[in-house]
Amino acid sequence: MASVLLDRAFAHFITVGRLDVYYPGGDRRVYTGQPGPHAAMWIADPATCRALLLDPALKVGEAYMAGHLRPVDCSLYELLHVLMLNVMRRSPAGERFFSSLRYMARKWLQNNTLRRARRNVAHHYDLDSRLYRLFLDEDMQYSCGYFPTGYETLAQAQAAKKHHLAAKLHLTRPGMSVLDVGCGWGGMALTLGRDYGAQVTGITLSVEQLHIARRRAREAGLDDRVRFELLDYRAVRRQYDRIISIGMFEHVGVAHYGSFFSTMRQALKPRGVMVLHSIGRVEGPNVTNPWIDRYIFPGGYSPAVSEAVGAVERAGLWLTDCEIWRLHYARTIAHWRSRFAAQRAAIAQMYDERFCRMFEFYLCVSELAFRVQGHLNFQLQLTREIDAVPLARDYMLGHEPVEQQVSCPVMEPVSYAGAAVLRA
């Protein structure tokens with residue numbers, strides 16, 4: 001009975017491309033719509049059919065992790081491409097029902113108190129750092145790279161991203177104080193200290209990231225100008241000339257946007273500048289995919305730009321610049337997927353096969369979210385005063401680092417030749 005109902009659901013659901021489904025017992029059905037990509041999948045048992053009918057947004061990923069759903073003669077990426085294209089046109093009834101419930105509960109689901117925020121961060125960022133070394137670039141940048149021409153390597157794109165954001169900070173002299181909110185493994189903070197002469201404080205809730213960032217600062221000889229603390233953004237008490245936050249706002253939660261921007265305003269000196277880089281969504285306020293929320297980023301949410309800007313306005317900050325990046329993150333994640341695949345055997349030894357399938361699903365879904373489901377990156381430049389930055393944004397172009405004489409070590413040998421991409 002579950003197979004019959006799922007067959008009817010797929011017949012209604014597939015409006016673009018082609019999907020072949022191999023049901024329990026060996027039956028094969030073909031569903032077609034307008035011209036588009038083609039994929040096929042195998043379903044192990046009736047229980048999986050029932051799960052896919054009830055809550056596909058959660059259960060497709062769980063079934064793949066468990067080995068109860070597999071691509072047939074295609075890649076996982078190709079299978080998810082067909083499914084996600086069709087979700088954008090016509091969501092299954094079960095998904096619409098549960099999505100409406102999740103939307104009503106999203107402030108509770110994203111109520112990232114200090115204790116909850118620490119637990120959420122540990123879930124993903126305190127994994128063995130060797131995992132991230134295997135698929136990220138050598139500087140361990142875990143956010144969207146910048147591809148001005150589209151032909152950059154991963155390392156070049158990540159270096160270009162850092163200098164692009166530094167230009168928006170408008171660092172006019174060495175020695176300016178900078179707060180890096182959600183500093184990761186320290187790459188951005190070390191770049192600001194090394195290339196721009198800034199005095200940087202990076203804060204994180206990840207113990208693993210803290211240890212690595214501190215070690216990198218010591219090895220670089222930068223611990224006199226770059227330091228790292230295990231600190232929640234709500235506990236910031238000092239004021240800074242500049243604030244940078246890259247890929248952290250997605251972990252704040254809609255219930256805390258007001259306190260986040262109010263805290264940032266208080267932490268910014270009157271003539272200060274803040275730059276926020278975040279994942280966003282084009283369709284307006286929505287909910288986090290339940291599989292991503294459960295297995296990858298608990299408490300996480302990629303906001304609509306309108307949600308962020310509304311909170312900025314309520315905090316009394318000037319929005320002095322806004323930039324949208326569309327397919328840059330799709331390119332970045334494509335690099336990560338390729339590197340993960342090349343190191344899959346080593347990662348399976350560190351964890352297990354189920355973990356590898358989980359991470360593969362995460363990377364595929366994430367890349368496709370930017371390619372076919374309206375995800376984007378936005379960068380907001382914020383100030384307390386109307387004239388804290390120059391009248392025209394030309395100062396962001398052709399920006400050169402204040403000083404470059406101090407070398408900064410990375411996790412593994414790397415060439416930073418790509419750092420000149422933005423300035424060329």
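One numbering rule holds for all chains: residues counted from 1, following each sequence as written. Under the rules for a predicted model, residues below a pLDDT of 70 receive no local features and side-chain atom pairs below 80 are neither given nor counted, while totals for whole chains, interfaces and linings still include all residues. Hydrogens and water molecules were not included; the side-chain quantities draw on all heavy atoms of the structure.

Attention now moves to the pairing of strand β1 (residues 16-22). A simple rule labels every residue: compare its accessible area, found with a 1.4 Å probe on the protein chains alone, to the largest value its type can have, and call it buried under 20%, exposed over 50%, or partly exposed in between. Under the DSSP-based scheme used, a helix requires at least four consecutive residues in state H or I and a strand at least two consecutive residues in state E, with every element numbered from the N terminus. With five of seven residues buried, β1 is to be regarded as a mostly interior element. Note: β1 against strand β3 (residues 34-43), six bridges, orientation parallel. Looking at β3, one finds that Y22 is bridged to W42. Two strands form a pair only when DSSP identifies at least two bridges running between them. As paired strands, β1 and strand β2 (residues 28-32) are joined by five bridges and run antiparallel to one another. Opposite R18, over in β2, you have T32 as the bridge partner.

Comment: axis = line fitted to C-alpha atoms, over the contacting stretch for helices; angle = value between 0 and 180 degrees taken between N-to-C directions. Axis separation between helix α3 (residues 56-66) and helix α17 (residues 353-372) bottoms out at 8 Å; the angle between their running directions is 145 degrees. Crossing geometry of α3 relative to α17 is assigned as right-handed. Judged by residue contacts, V60, G61, Y64, M65 and A66 of α3 engage R354, R357, M358, E360 and F361 from α17. Each residue receives one of three labels: charged for Asp, Glu, Lys and Arg, nonpolar for Ala, Val, Leu, Ile, Met, Phe, Trp, Tyr, Cys and Pro, and polar for the others, Gly being one of them. Within the contact of α3 with α17, the residues separate by chemical class into six nonpolar, one polar and three charged. For any helix crossing, the convention is left-handed if the near helix is rotated counterclockwise from the far helix by under a right angle, and right-handed if that rotation is clockwise. Residue contacts follow a heavy-atom distance rule, with two residues in contact if any of their heavy atoms lie within 4.5 Å.

Let's shift gears to the packing of helix α4 (residues 76-89) against α17. The contact between α4 and α17 brings their axes to 10 Å, and the two run at 45 degrees. Relative to α17, the element α4 lies oblique. Between α4 and α17 lies a crossing whose hand is right-handed. Here L76, Y77, L80, H81, M84, L85 and M88 of α4 come into contact with α17, specifically with E360, F361, C364, V365, E367, L368, A369, R371 and V372. Residue classes in the contact of α4 with α17 are distributed as 12 nonpolar, one polar and three charged. Roughly parallel means an angle under 35 degrees; roughly antiparallel, over 145; roughly perpendicular, 65 to 115; everything else is oblique.

Its identity as a non-glycine residue notwithstanding, D73 has a phi of 55 degrees, on the positive side. Looking at the secondary structure, you find D73 in the loop between β4 (69-71) and α4. When its relative accessible area of 80% is taken as the criterion, D73 is described as exposed. Of note in the backbone geometry, M140 takes a positive phi value of approximately 55 degrees without being a glycine. Position of M140 relative to the elements: it lies in the loop between α8 (129-135) and α9 (154-169).

Further remarks concern the packing of aromatic side chains. The rule is short: rings of Phe, Tyr and Trp, with Trp giving its six-membered ring, pair when the centres are within 6.5 Å, and they are stacked under 30 degrees, edge-to-face over 60, tilted in between. Here the structure, examined in full by the defined rule, presents 29 aromatic pairs. When the centroid spacing of 6.1 Å and the interplanar angle of 75 degrees are considered together, the rings of Y125 and Y142 count as edge-to-face. With Y125 in helix α7 (residues 114-125) and Y142 in the loop between α8 and α9, this pair connects stretches of sequence that are 17 residues apart. With a relative accessible area of 13%, Y125 lands in the buried category. Geometrically, a lysine NZ or arginine CZ counts as sitting over a ring once it is within 6 Å of the ring centre and also within 35 degrees of the ring normal. Looking at R70, its charged tip hangs above the ring of W42, at a distance of 4.0 Å from the centre.

This part covers the confidence of the model for the protein. As a general rule, the predicted coordinates of low-pLDDT regions are not to be interpreted in detail. The quantity known as pLDDT measures the predictor's confidence residue by residue, on a range of 0 to 100. For the protein, the mean per-residue pLDDT works out to 91, and 89% of the residues sit at or above 70. Between residues 402-424, whose pLDDT stays under 50, and residues either more than four places distant or in other chains, the model counts 59 contacts.

Turning our eyes to something else, we now look at helix α1 (residues 2-13). Along an α-helix, residues three or four positions apart point the same way, because every turn accommodates 3.6 residues. Expected helix span is computed as 1.5 Å times (number of residues minus one). For α1, spanning 12 residues, the distance from its first C-alpha to its last is 16 Å, which sits close to the expected 16 Å at 1.5 Å a residue. Residues A2, L6, D7, F10 and F13 constitute the buried set of α1. Buried residues along α1 cover an arc of 135 degrees about the axis, so they all sit on one side. Looking at α1, the residues exposed on the side facing more than 90 degrees away from the buried face are R8, A11 and H12. Taken together, the buried residues of α1 touch β1, β2, β3, α2 (46-54) and α4. To be clear, the arc concerns the directions from the helix axis to the C-beta atoms.

As a general point, the strands of a sheet are linked pairwise by backbone hydrogen bonds and lie either parallel or antiparallel. Pairing is mixed across the open sheet formed by seven strands, whose spatial order is β7-β6-β5-β8-β9-β11-β10. Every interior strand has two partners, whereas the edge strands, β7 (226-230) and β10 (318-325), have only one. On average, each strand axis in the sheet is inclined to that of its neighbour by 15 degrees, with strand direction left out of account. The strands touched by α9 within the sheet are β8 (240-246), β9 (268-281), β10 and β11 (375-383), with β9 carrying the most contacts at an inclination of about 145 degrees.

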